[in-house]
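# Reading the structure
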Amino acid sequence: MTPPLLTSRNAGTNQHDAKWTAATVAALVVWAVLYSQLVPFSTWLVGLLPVDPASHLGEALIFFAYDTPKVLLLLALVVFAMGVVRSFFSPERTRAALAGKREGVGNVAASLLGIVTPFCSCSAVPLFIGFVSAGVPLGVTFSFLIAAPMVNEVALGLLFGLLGWKIALTYLGFGLGLSIIAGWVIGRLHLEGWLEEWVRNIRGTAAELPDTEVTVIDRITAGLDAMKEIIGKVWIWIILGIAAGAFIHGYVPAALLAGIMGRDTWWSVPAAVLVGVPMYSNAAGIIPIVEALLGKGAALGTVLAFMMAVTALSAPETIILRKVLSLRLIAVFIAVVTAGILAVGFLFNVLFA
């Protein structure tokens, strides 16, 4: 028989869960209303300014006024949802799930986990060390490192919301294929000896997973915390990316951009990769630029190769990974991923010609 005090506590917890769930549903309704009013809002806002909407400046301002709230609203929804999903995972559970996996199966599992697991330059080093210490094969770890920044839920959510499900699904397929194959190739090369010595000497123990019950409130709070953390870090890059996209949309001639990044210029894909590598951005910041480039007639494969290079091969993340990877291993990583990005770019241009 359940003690009366415990029954009372359970009832109180259920009431709190119900209130938080109702508040979350109400917030989602408000989100849907706001999202449905973006077009009239942007038109009204620009109409208040002494600017001809048909001018270059007017077109740029309309793009900026429409895309800024649109991207931020999409980002908030996606990050909140994935924050809730991530409450079912933890770094310990991720490492435990990948430890002991054979190559092939492990590469697929690592790439899929990369979609829903937080990864950025600030967490690259501790995650890499954690994977190595847990006995995760090097190639499997690289599949995760490639997939997480490039095929993450933010990139897919924004691609779906801004460019449609066909492009988002195709990007998902090619991105996962690239991370799986590149990780498998690196694993087949058996380059564990090219890790930094202090990393090779790590001897980890099995992760102890906490056996605690996570409530609905905990999961909703995890989503809110993810929104606060991620949007707080990337909002400035989103604004800068949308501003760059607005400039391209309003001022760059379509014929010029199509000539430089069009399907008929074979060198456009490698050029886009070379331009993208030195940049530092995330998917949320770069997708508005992608949208503007596509709107001006740039080839889809070329633009997505640029996006992949920025997110998967950025110079700042490479510098951080230098703490655990030798220069030779970094060179192999860059070469394999670059080859994959080039292949994806050319294939996209052929498939979506």
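What you see as residue numbers is a count from 1 along each chain, following the sequence as written. Local features in this predicted model are restricted to residues whose pLDDT is 70 or higher, and side-chain atom pairs enter the listing and the counts only when it is 80 or higher, whereas totals over whole chains, interfaces and linings include all residues. With hydrogens and water stripped out, all remaining heavy atoms of the structure feed into the side-chain values.

## Section: the overall build of the protein
For the purposes of this entry, the term helix denotes a DSSP run of H or I that reaches at least four residues, the term strand denotes a run of E that reaches at least two, and both are numbered from the N terminus. Of the regular secondary structure elements, the protein holds 17 helices and 0 strands. Each of the 353 residues in the protein was classed as buried or not, and the buried ones make up 46%. Whether two residues are in contact is decided by their heavy atoms, any of which lying within 4.5 Å being enough. Restricting the contact set of the protein to residue pairs at least 6 apart, pairs at least 24 apart contribute 84%. Accessible surface for the protein amounts to roughly 17,100 Å². Of this, 70% is attributable to carbon and sulfur atoms. Whether a residue is buried, partly exposed or exposed follows from its accessible area with a 1.4 Å probe, protein chains only, as a fraction of its type maximum: under 20%, in between, or over 50%, in that order. Residue burial considers only the protein chains on display, and all accessible areas are found by Shrake-Rupley using a 1.4 Å probe.

## Digging into the layout of surface pockets
Using a 1 Å grid laid over the protein atoms alone, points where a 1.4 Å probe fits but cannot get out form a cavity; open sets with protein on both sides within 12 Å along at least 5 of 7 lines form a pocket; any residue with an atom within 4 Å of a point counts as lining. Grid points are joined across faces, edges and corners, and a volume is the space filled by probe spheres set on the points. One number sums up the size of the second largest pocket: a volume of about 210 Å³. Lining the second largest pocket are Trp 20, Ala 23, Thr 24, Ala 27, Leu 28, Trp 31, Ala 76, Leu 77, Phe 80, Ile 220, Leu 224 and Met 227. For the lining of the second largest pocket, the element with the most residues is helix H1 (residues 4-36), which contributes 6 residues. Polar here means any residue outside two lists: the nonpolar Ala, Val, Leu, Ile, Met, Phe, Trp, Tyr, Cys and Pro, and the charged Asp, Glu, Lys and Arg; Gly therefore counts as polar. Its residues assigned to classes, the lining of the second largest pocket shows 11 nonpolar, 1 polar and no charged.

## Focus on the confidence of the model for the protein
Each residue carries a pLDDT value, the predictor's own confidence for that position, ranging from 0 to 100. Per-chain confidence: the protein averages 75 in pLDDT, with 72% of residues scoring 70 or above. Averaged over each element, pLDDT in the protein is lowest for helix H6 (residues 121-133) (57) and highest for helix H2 (residues 38-47) (87). Note on residues 203-209: pLDDT is under 50 here. Beyond four places in sequence and across chains, it has 4 contacts.

## Notes on the environment of Leu 176
Tracing the backbone through its elements, the reader meets Leu 176 in helix H9 (residues 165-188). Spatially, the C-alpha atoms of Leu 176 and Val 151 are 7.1 Å apart, while their sequence positions differ by 25 residues. Beyond its immediate sequence surroundings of up to four residues, Leu 176 is in contact with Ser 111, Leu 112, Ile 115 and Val 151.

## Some remarks on the packing of aromatic side chains
Under the pairing criterion, centres of Phe, Tyr and Trp rings, with the six-membered ring standing for Trp, must be within 6.5 Å; the plane angle then separates stacked pairs below 30 degrees from edge-to-face pairs above 60, leaving the rest tilted. All chains considered together, the criterion is met by 4 aromatic pairs. Aromatic side chains Trp 31 and Tyr 35 sit 5.0 Å apart centroid to centroid with 10 degrees between the ring planes, which places their arrangement in the stacked category. You can see Trp 31 and its partner Tyr 35 sitting in helix H1, 4 residues apart, about one turn around the helix.

## Comments concerning unusual backbone geometry
Phi angles above zero are rare outside glycine, and His 190 is one such case at about 50 degrees. Its place among the elements puts His 190 in the loop between H9 and helix H10 (197-200). Its relative accessible area of 52% is what places His 190 among the exposed residues.

## Details of the environment of Lys 228
Checked against the element boundaries, Lys 228 lands in helix H11 (residues 216-251). With a relative accessible area of 68%, Lys 228 lands in the exposed category. Taking the C-alpha atoms as reference, Lys 228 lies 9.3 Å from Val 79; in sequence the two are 149 residues apart.

## Some details on the nonpolar core
As used here, the term nonpolar core means buried Ala, Val, Leu, Ile, Met, Phe, Trp, Tyr and Cys residues forming a set that is joined through side-chain atoms within 4.5 Å. Ranked by internal contacts, the top residues of the largest apolar core, which has 75 residues, are Phe 142, Met 150, Tyr 171, Leu 304, Met 307, Leu 325 and Ile 341. Examining the composition of this core, we find that 10 residues originate from one element, helix H15 (residues 300-312), more than from any other.

## Quick word on the packing of H9 against H15
Think of two packed helices as two axes; the pair is described by the angle between the axes and how far apart they sit. At a closest axis distance of 12 Å, the pairing of H9 and H15 adopts a crossing angle of 55 degrees. It follows from the interaxial angle that H9 and H15 lie oblique. Between H9 and H15 lies a crossing of right-handed hand. Between H9 and H15, the residues in contact are Ile 167, Tyr 171, Gly 175 and Leu 178 and Leu 300, Leu 304, Met 307 and Met 308, respectively. Broken down by class, the residue content of the contact of H9 with H15 amounts to 7 nonpolar, 1 polar and no charged. Between N-to-C directions, angles span 0 to 180 degrees; the directions come from axes that are lines fitted to C-alpha atoms, helices contributing only their stretch in contact. Note on terminology: angles under 35 degrees are roughly parallel, angles over 145 are roughly antiparallel, angles of 65 to 115 are roughly perpendicular, and the others are oblique. The hand of a helix crossing depends on one turn: near helix anticlockwise from the far one by less than a right angle means left-handed, and clockwise means right-handed.

## A closer look at the packing of helix H13 (residues 268-276) against H15
Interhelical geometry of H13 versus H15 gives an angle of 25 degrees and a closest axis separation of 8 Å. Classified by the angle their axes make, H13 and H15 are roughly parallel. At the point where H13 passes H15, the crossing takes the right-handed sense. In this structure, H13 uses Ser 268, Val 269, Ala 272, Val 273, Val 275 and Gly 276 to contact H15, whose residues at the interface are Thr 302, Ala 305, Phe 306, Ala 309 and Val 310. Split into classes, the residues belonging to the contact of H13 with H15 amount to 8 nonpolar, 3 polar and no charged.

## Concerning H2
Along an α-helix, residues three or four apart share an orientation, since each turn contains 3.6 residues. Looking only at H2, the buried set comprises Leu 38, Ser 42 and Val 46. For H2, the arc enclosing every buried residue in end-on projection is 60 degrees, short of the 170-degree limit, so these residues lie on one face. Those residues of H2 that are exposed and aimed more than 90 degrees away from the buried face are Thr 43, Trp 44 and Gly 47. Working note: the arc is built from the helix axis to C-beta atom directions.

## Details of a nonpolar patch on the surface
Taken together, Phe 41, Trp 44, Leu 45 and Leu 48 make up a surface patch of nonpolar side chains, about 410 Å² in accessible area. Structurally, the position occupied by Trp 44 is in helix H2. Patch criteria: residues need more than 30% relative accessible area and no salt bridge. Like-charged residues are merged within 9 Å; nonpolar side chains of Val, Leu, Ile, Met, Phe, Trp and Tyr are merged within 5 Å. Salt bridge, as used here: a side-chain nitrogen of Lys or Arg that lies within 4 Å of a carboxyl oxygen of Asp or Glu.

## Looking at the environment of Val 337
Looking at the secondary structure, you find Val 337 in helix H17 (residues 327-351). Look at Val 337 and you get buried, because its relative accessible area is 0%. In the structure, Val 337 is positioned 24 residues away from Leu 313 in sequence and 7.9 Å away in space, judged by C-alpha atoms. In contact with Val 337, not counting residues within four places along its chain, are Ile 146, Leu 178 and Leu 313.

## Some remarks on the side chain of Arg 219
Looking at the secondary structure, you find Arg 219 in helix H11. No salt bridge is formed by the buried Arg 219; its nearest oppositely charged neighbour, Asp 218, is found at 7.6 Å. We treat Lys and Arg as the positive residues and Asp and Glu as the negative residues; His and chain ends play no part in the count.

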